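Inside the fold
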Amino acid sequence: QVQLVESGGGLVQAGDSLRLSCAASGRTFSTFGLGWFRQAPGKEREFVAAVTRSGGVRYSANSVKGRFTISRDNTENMVYLQMNSLKPEDTAVYYCAAAEVIFTDARSRNPGYYPYWGQGTQVTVSS
């Protein structure tokens, strides 16, 4: 079992940056692949980015490629999502998630592979 707590959300203007953080506790952090997902009102939860256990491989959605970067610190049990050039369509609740599976590109994008989820943090981008 692992517990995840997100922080860092807020209200920003288009073009601004935010860094989301997710603190993990419980089982050995480095055994988990980690992902960020988001859910806007009335929409399904969608994949944003993921990183493998070692941090050596990252995946990201086309909609955020070049603007968002996922990273992890296995010494601090933290995962981050650096979000630059934010757009109003990035407005959503952002969730971090963890899974003890070997990530492939396809697996990392599928929320069904993640048994552990944080409570979410709201990001609102005004135009």
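Look a little higher up for the structure.
All values reported here derive from a predicted model rather than from experimental measurement.

Conventions adopted
- Residues numbered from 1 in each chain as written.
- Predicted model: local features only at pLDDT ≥ 70, side-chain atom pairs only at ≥ 80, totals over all residues.
- Heavy atoms only, no water.
- Salt bridge = Lys/Arg side-chain N within 4 Å of Asp/Glu carboxyl O.
- Helix = DSSP H or I, 4+ residues; strand = E, 2+ residues; numbered from the N terminus.
- Buried < 20%, exposed > 50% of the residue type's maximum accessible area, 1.4 Å probe, protein only.
- Phe/Tyr/Trp six-rings, centres within 6.5 Å; stacked < 30°, edge-to-face > 60°.
- Lys NZ or Arg CZ within 6 Å of the ring centre and 35° of its normal.
- Disulfide = S-S within 2.5 Å.
- Pairing = 2+ DSSP bridges.
- Axes fitted to C-alpha atoms, helices over the stretch in contact; angles between N-to-C directions.

This part is about the pattern of salt bridges. Two side chains bearing opposite charge may form a pair once their charged atoms approach each other closely. For the structure on display, the rule yields four salt bridges. Between Arg109 and Asp105 there is a salt bridge; the shortest N-O distance is 2.5 Å. Taken as a pair, Arg109 and Asp105 lie in helix 1 (residues 105–109) at a separation of four residues, close to a single helical turn. Residue class for Asp105 comes out partly exposed when judged on its relative accessible area of 36%. One network of salt bridges, with partners in common, ties together Arg38, Glu46, Arg67 and Asp90.

It is worth spelling out the packing of aromatic side chains at this point. For the structure shown, the criterion picks out seven aromatic pairs. Measuring from ring centre to ring centre gives 5.1 Å for Phe37 and Trp117, while their planes differ by 55 degrees; the resulting arrangement is tilted. With Phe37 in strand 4 (residues 33–39) and Trp117 in strand 10 (residues 116–117), the pair connects residues that are 80 residues apart, well separated along the chain. For Phe37, a relative accessible area of 0% gives the class buried. Its relative accessible area of 26% is what places Trp117 among the partly exposed residues. Taken together, the ring pairs in this structure connect Phe37, Phe47, Tyr95, Phe103, Tyr114 and Trp117 into an aromatic cluster. The ring centre of Tyr95 lies 3.9 Å from the NZ or CZ of Arg45, which sits over that ring. If you follow Arg72 out to its NZ or CZ, it ends over the ring of Phe29, 4.7 Å from the centre.

The next point concerns the state of the cysteines. What the rule picks out here adds up to one disulfide. The partner cysteine of Cys22 in its disulfide is Cys96, sulfur to sulfur 1.9 Å. With a gap of 74 residues between them, Cys22 in strand 3 (residues 18–26) and Cys96 in strand 9 (residues 92–99) connect regions that are remote in the sequence. Side by side, Cys22 and Cys96 carry an identical accessibility label, which is buried.

The four strands lie next to each other as 1-3-8-7, forming an open sheet whose pairing is antiparallel. Edge strands, defined here as strands with exactly one partner in the open sheet, are strand 1 (2–7) and strand 7 (68–73). Averaged over all pairs of adjacent strands, the angle between strand axes in this sheet comes to 15 degrees, irrespective of strand direction. Relative to strand 8 (residues 78–83), strand 3 runs antiparallel, the two sharing six bridges. Across the sheet, the residue bridging to Arg19 is Gln82, located in strand 8.

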